[in-house]
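A closer look at the structure
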Amino acid sequence: DDLRLSQIDLLRNFSMAELETFRENLVLLEFKKGDKILDEGEKSRDLYLLKSGSMTVKIHLAGKNRHKRLYTYCPGTLFGEIAFLDGGRRSAGIWAHEDVEVLKLPYESFQRIQIEKPEMAAKIICNIALELGHRLRRISNQVRLMEDH
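Residues numbered from 1 in each chain as written. Predicted model: local features only at pLDDT ≥ 70, side-chain atom pairs only at ≥ 80, totals over all residues. Heavy atoms only, no water.

Let us look at the environment of Ser-44. Relative to the helices and strands, Ser-44 is located in the loop between strand 2 (36-38) and strand 3 (47-52). Using a relative accessible area of 14% as the deciding quantity, one classes Ser-44 as buried. The sequence separation of Ser-44 and Ile-8 amounts to 36 residues, and the corresponding C-alpha distance is 22 Å. Only 3.3 Å separates the side chain of Ser-44 from the backbone nitrogen of Asp-46, close enough to count as a polar contact. A polar contact of 3.2 Å, which involves the side chain of Ser-44, links it to the side chain of Arg-90. (Helix = DSSP H or I, 4+ residues; strand = E, 2+ residues; numbered from the N terminus. Buried < 20%, exposed > 50% of the residue type's maximum accessible area, 1.4 Å probe, protein only. Polar contact = N/O pair within 3.5 Å; in protein donor to acceptor, adjacent residues only side chain to side chain.)

As structure tokens, this is what we get:
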């Protein structure tokens, strides 16, 4: 495997049994270079992890017929977490920058984990919050750098 579940920040502090439960609930998806993985505005609460390859995250610019690239993701990156948490529409579109493998945790599977293993579900939510905190700090630092120039 290009990526081991135990190496992913989302799964930090997981026991071997919890890692196995998580693995059992994942769906492997494959995309070719240039394929759209998620569509901005799409309604879905599934959570994703990039297993192999790289992806480009873009937003549509209102009033213009073009997209703005925000990020390039590498293996181990969590995505889809905002809609997963708040039930809103996807905030950006994601395209395969090269051939990729993606692991999907369907929201229905997470709901089952919440009922059957609430401690594990709490770890998932806590780890998503930590990841979002890291991303917000990184964006804040980028804004500071732009303002300095």
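There is more to say, and it comes next.
Okay, the environment of Thr-56 next. Along the chain, Thr-56 turns up in strand 4 (residues 55-60). Judged by relative accessible area, which is 8%, Thr-56 ranks as buried. When the C-alpha positions of Thr-56 and Tyr-73 are compared, they lie 6.4 Å apart, and in sequence the two are 17 residues distant. Among residues more than four places away in sequence, those in contact with Thr-56 are Arg-69, Tyr-71, Thr-72, Gly-93, Ile-94, Trp-95 and His-97. (Contact = heavy atoms within 4.5 Å.)

Right, let's talk about the nonpolar core for a bit. A general tendency of soluble globular proteins is for nonpolar side chains to be buried together. Core analysis: the largest hydrophobic core is formed by 21 residues, its most contacted members being Leu-5, Leu-10 and Phe-22. At four residues, helix 4 (residues 118-148) tops the list of elements feeding residues into this core. For Leu-5, the residues in contact, after removing those within four places along its chain, are Leu-11, Leu-19, Phe-22, Arg-23, Leu-26 and Leu-103. Counting residues in each nonpolar core, the second largest holds 14 residues, with Phe-31, Ile-37, Val-57 and Val-102 among its members. (Core = buried A, V, L, I, M, F, W, Y, C linked by side-chain atoms within 4.5 Å.)

Turning to the layout of surface pockets, a few remarks are in order. Counted as a void, the largest pocket has a volume near 420 Å³. Lining the largest pocket are 21 residues, and of these Tyr-73, Glu-81, Ile-82, Ser-91 and Arg-135 lie nearest its centre. For the lining of the largest pocket, the elements supplying multiple residues, two or more each, are strand 4, strand 5 (67-73), helix 2 (81-86) and helix 4. Counted by class, the lining of the largest pocket contains 14 nonpolar, two polar and five charged residues. Of the pockets and cavities examined, the second largest pocket occupies roughly 170 Å³. (1 Å grid on protein atoms, 1.4 Å probe; cavity = no way out; pocket = protein on both sides within 12 Å on 5 of 7 lines; lining within 4 Å. Points joined across faces, edges and corners; volume = space filled by probe spheres on them. Nonpolar A, V, L, I, M, F, W, Y, C, P; charged D, E, K, R; others polar.)

Purely spatial values, then, with no claim about function.
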